Amino acid sequence: MGGTDASGKAARRSPGELESEILATLWATEHALTPADIQAELGGGLAYNTVHTILKRLYDKGMVLRDADGRRGTYRPTKNAAELTAEVMHQALDRGPDPIAALQQFVSGLSEPEEKALRAFLTAHEGGGR
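Residues numbered from 1 in each chain as written. Predicted model: local features only at pLDDT ≥ 70, side-chain atom pairs only at ≥ 80, totals over all residues. Heavy atoms only, no water.

A. Seen up close, the overall build of the chain. If you tally the helices and strands in the chain, you get 6 helices and 2 strands. In sequence order, the secondary structure elements of the chain are arranged as α-α-α-β-β-α-α-α. For the chain, with 130 residues in total, the buried portion stands at 19%. Once local pairs closer than 6 in sequence are excluded, the contacts in the chain between residues at least 24 apart make up 40%. For the chain, the computed accessible surface area is about 9,500 Å², with 54% contributed by carbon and sulfur atoms. (Helix = DSSP H or I, 4+ residues; strand = E, 2+ residues; numbered from the N terminus. Buried < 20%, exposed > 50% of the residue type's maximum accessible area, 1.4 Å probe, protein only. Contact = heavy atoms within 4.5 Å. Areas by Shrake-Rupley, 256 points an atom, 1.4 Å probe, with all protein chains shown as cover.)

B. Summary view of the packing of helix α2 (residues 35–42) against helix α3 (residues 48–60). For the pair α2 and α3, the least separation of the axes is 9 Å and the interaxial angle reads 115°. Taken together, the axes of α2 and α3 are roughly perpendicular relative to one another. α3 is crossed by α2, and the crossing has right-handed handedness. Listed contacts from α3 to P35, A36, I38 and Q39 of α2 are Y48, V51, H52 and L55. (Axes fitted to C-alpha atoms, helices over the stretch in contact; angles between N-to-C directions. Parallel < 35°, antiparallel > 145°, perpendicular 65-115°, else oblique. Left-handed = near helix turned anticlockwise from the far one by under 90°.)

C. Layout of the nonpolar core. Counting residues in hydrophobic clusters, the biggest one holds 15 residues, and the most contacted among them are I22, L26, I38 and L55. Every element with two or more residues in this core is listed here: α1 (17–27), α2 and α3. Not counting the four nearest positions on each side in its chain, L26 is found in contact with L33, I38, L55, V64, Y75, R76 and P77. (Core = buried A, V, L, I, M, F, W, Y, C linked by side-chain atoms within 4.5 Å.)

D. Spotlight on the packing of α1 against α3. Contact pair α1 / α3: the axes reach a minimum separation of 10 Å and the direction vectors enclose 85°. Relative to α3, α1 is oriented roughly perpendicular. Along the contact surface, α1 presents L18, E19, I22, L23 and L26, while α3 presents T50, V51, I54, L55, R57 and L58. The class makeup of the residues in the contact of α1 with α3 is 8 nonpolar, 1 polar and 2 charged. (Nonpolar A, V, L, I, M, F, W, Y, C, P; charged D, E, K, R; others polar.)

Structural data, given as structure tokens:
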């Protein structure tokens, strides 16, 4: 979250941080949320209009769906956290000049439990592709 800095002023979020916080809030529930619901979950004096603006941006990017119900719209994510992370990873690999080298670097940095999970998955899905 944004929080405050040493002087007590509101700390500025990095680009995309508020989008990530809003998505995390949506992923943490089984039902769609209103901007006011999200504002309350995030706390920290975040303005309703700010939450609504970020939801509009996420909607425009296809990352959330808006369910209109009278004047109060509710929002829910189009993908779960794992699906979105995998999509971002695929996009990063597709953009790079050497996706195999990038993949090797990524895999070499996995923790032991992550490496074991990857090996088990690859063994179970031998011969499969994208």
